[in-house]
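# Observations on the three-dimensional arrangement
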Amino acid sequence: MATPITASAFITALKKEGVTVEEVRDWRNHNRNHKGPWGPVHGIMIHHTVTSGAKETVDLIYDGRSDLPGPLAHGVITKDGTVHLVGHGRANHAGLGDDDVLRAVTAEDDLPEPNQMNTDGNRYFYGFECENLGDGDDPWPDEQLDAIERAAAALCRHHGWTEGSVIGHLEWTNQKSDPRGFTMDAMRKRIAARLK
């Protein structure tokens, strides 16, 4: 459990971890805080966008869709490994998920299979949307996987968390399949190695 990172500290933490950062428009004040609280934060959630094209993807995650206003994450990780900051505060990325999973993430324990949608994840998780079609065939460039690892590690390091605080959307709810194309277990191993 932690107080959400400030916008300035977020940039500092990412850059210290070697991340290429792009600030998008008014990201520091772009949030959905009027819809409910943000924090305490317990972890980091990784997503895929089901899009292609860096600019189009970043714009979509910043602006949102007609049925789901933006920001749709805190950062967008494009194929070139850039982390585009698009929101600071509550973001429409996690949706409803399983309170048993939240307890496991908070305790940094083994994750149970999600089978309920009874907890608002937008309050408790940072979110990174990663540019990928999510079809299992669209490649994940090394630069992009490295940026996911570094961005997650930056927040873990800031909060004193381990890799156990990083999950995929598919581990939060059985209604989602993202990220598809790499496993979260493999990504957590990478994050653990970086944090040592």
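Predicted model, so just to flag it, every value in this text is computed and none were measured.

For the coordinates displayed, the defined rule picks out 17 salt bridges. Its salt-bridge partner being Asp120, residue Arg90 comes within 2.8 Å of it at the nearest N-O pair. Highlighted residues: Arg90 in the loop between strand 6 (82–85) and strand 7 (96–97) and Asp120 in strand 8 (residues 119–120), separated in sequence by 30 residues. Overall, Arg90 belongs to the buried group, its relative accessible area being 8%. For Asp120, a relative accessible area of 25% puts it in the partly exposed group. One salt bridge connects Glu149 with Arg194, and the closest N-O pair in it is separated by 2.7 Å. Pair noted here: Glu149 is in helix 5 (residues 142–159) and Arg194 is in helix 7 (residues 184–195), with a separation of 45 residues, a long-range link. What you see here is one network of salt bridges that share partners, running through Glu17, Asp146, Glu149, Arg150, Arg157, Arg190 and Arg194.

Our focus in this paragraph is the UniProt feature "domain: N-acetylmuramoyl-L-alanine amidase" (unreviewed entry) in the chain. The UniProt record annotates "domain: N-acetylmuramoyl-L-alanine amidase" (unreviewed entry) at residues 27–180. Between the C-alpha atoms that bound residues 27–180 the distance is 27 Å, and the span itself is 29% helix and 19% strand.

Attention now moves to the pairing of strand 9 (residues 125–130). Along strand 9, six of the six residues are buried, which leaves the element largely enclosed by surrounding structure. Burial along strand 9 is two-sided: Phe125, Gly127 and Glu129 and Tyr126, Phe128 and Cys130, pointing in opposite directions, are all buried. Bridge count between strand 5 (residues 75–77) and strand 9: three bridges; the pairing is parallel. Each bridged residue has a counterpart across the sheet, and for Gly75 the counterpart in strand 9 is Phe128.

How each quantity is defined
- Residues numbered from 1 in each chain as written.
- Predicted model: local features only at pLDDT ≥ 70, side-chain atom pairs only at ≥ 80, totals over all residues.
- Heavy atoms only, no water.
- Salt bridge = Lys/Arg side-chain N within 4 Å of Asp/Glu carboxyl O.
- Helix = DSSP H or I, 4+ residues; strand = E, 2+ residues; numbered from the N terminus.
- Buried < 20%, exposed > 50% of the residue type's maximum accessible area, 1.4 Å probe, protein only.
- UniProt positions renumbered as here; feature names shortened; annotations may be inferred.
- Pairing = 2+ DSSP bridges.

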